[in-house]
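Residues per chain are reported as follows:
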Amino acid sequence: MPIPPLAGGTAGPAHLRPLLDTVLAALHDGAVRRGGPLPAGGPDTVTHHTRATTGPLIPDQGTGPHHALRTLVTALAEGAADPAHPHCAAHLHTPPLALAAAADLAASALNPSMDSWDQAPAASTLEATLTTTLAAEVYPRAPRPDALVTTGGTEANQLALLLARERHGPVQTICAANAHHSVTRATWILGLPRPVVIPAPRGTMDPTALHDALTTLTGPLLVTATAGTTDTGRIDPLDHIADLTTAHDADLHIDAAYGGPLLFSPTHRHLLDGLHRAHSVTLDLHKLGWQPASAGILAVPHHHDLHPLHHQAPYLNADDDTDAGLPDLLGRSLRTTRRPDALKIAVTLQALGRDGLADLIDRAVAAAHHLADLIDRDPGLQLHDRPTISTVLFRPTHADDTTVATIRRTLLTQGQAVLGRAYIDGELWLKATLLNPHATPDDLRHLLTLVNHAHHGATTEGSTPR
């Protein structure tokens, strides 16, 4: 067998082109075979079919690049939960923009490693420009804001708690019951006390309970607020929370992994009033930013806030190299080898501009309100509340939790729809997280029709969850 060609260099594109034709054909064929938002049959059926169609992954004799690509990409596409389908709406799992995916291909072909300048000369410059640009969106009045690229909201939240620990020692975190699970996990990883969890009536942090906690607790305190909760999309009263943390000399971190991109929408950015007052802010552009994962950001108001992350490995950032002007990249992450995720984000921002991003965001929010209107007009369905961003919770009227769970799993098993679940106010709700800017009113009406049909089947057959 000849030596396989490489993706880089002047010859790389010529080697990639025929392989990409195979990949694109396989993506199309797999989507056609799937025929819906996810494969029908449930986990056992999908597992059996996938293993049967892919064959052995390490054969004695290789099958060749086109056969392997065609076989495995087709199988993956056929068995995918495809966020580009308008009925795949369970999670903050965005359908990536084609231009962002194309940029990700270039990143893979060039393969810069973001841990030293000599592995990523231009990519390190692009990342530095992107991070300061995004940080300035969060902190428009700060003289030198900065940001890091992370794998997502979980890593960004962990870094925020780490920076607070390095500023103050073993901080006590305060969060509300609506906070993302990564906050509690980060305290465990970092050896910090478990968070003090205060109430979140109607899905947002209770300022009175926060005041009581800040008054009662001693030592260095870090309040973690949320701008866009995973279950409902609600946004804590950020300005009020910032007033309280300032008055009590506590630090503030805002997890805006979901809601942060609202900054780009003139119509909706007011929902984030007070964001700039935080000591750190999490964004996640593989949610309301339409990026392929991963595309997380941690922003801080001052460049020196990131100094505790400095780390030295002489083969990557020797002092004499740094003194000679080679940028030191190790302090830009807790990871060593990192992909140039900044490229796809930068391509998207430049291609769409502020107006294009605002249009996508406004479409997602408008779709959520339209779905809520449809639910309100259907006597067979109950709406939990009006959406804050693009998450809509609903359930069949008078259905119990067992029926709601059964409806969701029925739609999954039949390959008809992917809806999430959220346990709110003592009841189980179906969750639609609308992130597809191409979803039409007809798509939304059909989604509700599927839910009503599944409800009818669950109640007439007396089915129970498995």
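Structure's up top.
Since the structure is predicted, the reported quantities are computational estimates derived from the model, not experimental observations.

Asker: I'd like to hear about the overall build of the protein chain, residue by residue, with values.
Answerer: Per the secondary structure count, the protein chain includes 14 helices and 11 strands. Against the globule reference of 23 Å for 466 residues, the protein chain gives a C-alpha radius of gyration of 24 Å, in line with a compact fold. Residues classed as buried in the protein chain amount to 50% of the 466 residues present. For the protein chain, contacts bridging at least 24 residues in sequence account for 71% of all contacts bridging at least 6.

Asker: I'd like a rundown of the pairing of strand β4 (residues 221-226), residues and numbers included.
Answerer: By the criterion of burial, β4 is predominantly enclosed, with 6 of the 6 residues buried. With burial as the criterion, each face of β4 is covered, one bearing Leu221, Val223 and Ala225 and the other bearing Leu222, Thr224 and Thr226. Pairing geometry for strand β2 (residues 172-176) and β4, over 4 bridges, is parallel. Across the sheet, the residue bridging to Gln172 is Leu221, located in β4.

Asker: Can you break down the sheet that holds strand β1 (residues 146-150) residue by residue, with the values?
Answerer: The 7 strands are arranged β1-β7-β6-β5-β4-β2-β3 in an open sheet whose pairing can be described as mixed. The strands lining the two open edges of the sheet, one partner per strand, are β1 and β3 (196-198). The average angle at which neighbouring strand axes cross in this sheet is 20°, direction not considered. Note that strand β5 (residues 251-255) and strand β6 (residues 280-284) share 3 bridges and pair parallel. Bridge pairing in β6 places Ile254 opposite Val281. Packing of helix α5 (residues 121-138) onto the sheet brings it into contact with β1, β6 and β7 (296-300), and relative to β1 it is tilted by some 115°.

Asker: A description of the sheet that holds strand β9 (residues 391-396) should follow, citing residues and the corresponding values.
Answerer: Sheet architecture is open: 4 strands sit in the order β8-β9-β11-β10, paired in antiparallel fashion. Strand pairing shows two members of the sheet lacking a second neighbour, β8 (381-383) and β10 (420-424), which therefore form its edges. Averaged over all pairs of adjacent strands, the angle between their axes in this sheet comes to 40°, without regard to strand direction. Bridging between β8 and β9 involves 3 bridges; their strand directions are antiparallel.

Asker: Which residues make up helix α1 (residues 12-34), and what are the values?
Answerer: For α1, spanning 23 residues, the distance from its first C-alpha to its last is 32 Å, which sits close to the expected 33 Å at 1.5 Å a residue. Within α1, the axis deviates most sharply at Pro18, by approximately 30°. Residues of α1 that are buried include every one of Gly12, Leu16, Thr22, Val23, Ala26, Gly30 and Arg34, and no others. Against α3 (65-78) and α4 (98-110) lie the buried residues of α1. Looking one or two residues past α1, Gly35 carries a phi angle of roughly 70°, positive in sign.

Asker: Lay out unusual backbone geometry with the relevant residues and their values.
Answerer: The linkage connecting Ala293 with the following residue, Ser294, adopts the cis geometry, with an omega of 10°. Within the secondary structure layout, Ser294 lies in the loop between β6 and β7. Despite not being glycine, Asp249 has its phi angle at roughly 55°, a positive value. Counting through the fold element by element, Asp249 comes out in the loop between α9 (238-247) and β5. Given the relative accessible area of 73%, Asp249 is considered exposed. Backbone geometry places Asp425, a non-glycine residue, at a positive phi of 55°.

Asker: Lay out the packing of aromatic side chains with the relevant residues and their values.
Answerer: Applying the stated criterion to the full structure yields 0 aromatic pairs. For Arg395, the ring lying beneath its charged end belongs to Trp429, and the centroid distance is 5.5 Å.

Asker: Talk me through the pattern of salt bridges; I want residue IDs and the actual numbers.
Answerer: Counted under the stated rule, the structure contains 22 salt bridges. A salt bridge links Arg165 to Glu166, with the nearest nitrogen and oxygen atoms 3.1 Å apart. Note that Arg395 and Asp401 form a salt bridge whose closest N and O atoms lie 3.2 Å from each other. By relative accessible area, Asp401 is classed as partly exposed at 26%. Taken together, the shared-partner salt bridges in this structure form one network comprising Asp104, Arg339, Asp341 and Lys344.

Asker: Break down the nonpolar core for me, citing the residues and quoting the values.
Answerer: Counting 58 residues, the largest nonpolar core has Leu210, Ile254, Leu275 and Val281 as its most contacted members. Take this core: its biggest share by element is 8 residues, from helix α12 (residues 342-376). Filtering out sequence-adjacent residues up to four positions away, Leu275 remains in contact with Val138, Tyr139, Leu238, Ile254, Ala256, Leu263 and Val281. Listed in part, the 29 residues of the second largest apolar core include Leu411, Ala432, Leu444 and Leu448.

Asker: Could you give an account of the layout of surface pockets, naming the residues involved and the relevant values?
Answerer: In this approach a probe as big as a water molecule rolls over the atoms, and the regions it shows empty are the leftover space. When its volume is computed, the largest pocket comes out at roughly 1200 Å³. Lining the largest pocket are 37 residues, and of these Leu27, Pro96, Leu97, Ala101 and Pro292 lie nearest its centre. Mapped by element, the contributors of at least two residues to the lining of the largest pocket are α1, α3 and α4. Element by element, the count of residues in the lining of the largest pocket is highest for α1, at 9 residues. Residues belonging to the lining of the largest pocket are distributed by class as follows: 26 nonpolar, 8 polar and 3 charged. In terms of lining residues, the second largest pocket is bounded by 18 residues, among which Asp146, His303, Asp328, Gly331 and Arg332 are the most central. The element contributing the most residues to the lining of the second largest pocket is α5, with 6 residues.

Reading guide: rules and limits
- Residues numbered from 1 in each chain as written.
- Predicted model: local features only at pLDDT ≥ 70, side-chain atom pairs only at ≥ 80, totals over all residues.
- Heavy atoms only, no water.
- Helix = DSSP H or I, 4+ residues; strand = E, 2+ residues; numbered from the N terminus.
- Rg over C-alpha atoms; globule rule 2.2 N^0.38 Å.
- Buried < 20%, exposed > 50% of the residue type's maximum accessible area, 1.4 Å probe, protein only.
- Contact = heavy atoms within 4.5 Å.
- Pairing = 2+ DSSP bridges.
- Axes fitted to C-alpha atoms, helices over the stretch in contact; angles between N-to-C directions.
- Expected span 1.5 Å × (residues − 1).
- Bend = angle between axes of the 7 residues up to and from the residue.
- Phe/Tyr/Trp six-rings, centres within 6.5 Å; stacked < 30°, edge-to-face > 60°.
- Lys NZ or Arg CZ within 6 Å of the ring centre and 35° of its normal.
- Salt bridge = Lys/Arg side-chain N within 4 Å of Asp/Glu carboxyl O.
- Core = buried A, V, L, I, M, F, W, Y, C linked by side-chain atoms within 4.5 Å.
- 1 Å grid on protein atoms, 1.4 Å probe; cavity = no way out; pocket = protein on both sides within 12 Å on 5 of 7 lines; lining within 4 Å.
- Points joined across faces, edges and corners; volume = space filled by probe spheres on them.
- Nonpolar A, V, L, I, M, F, W, Y, C, P; charged D, E, K, R; others polar.

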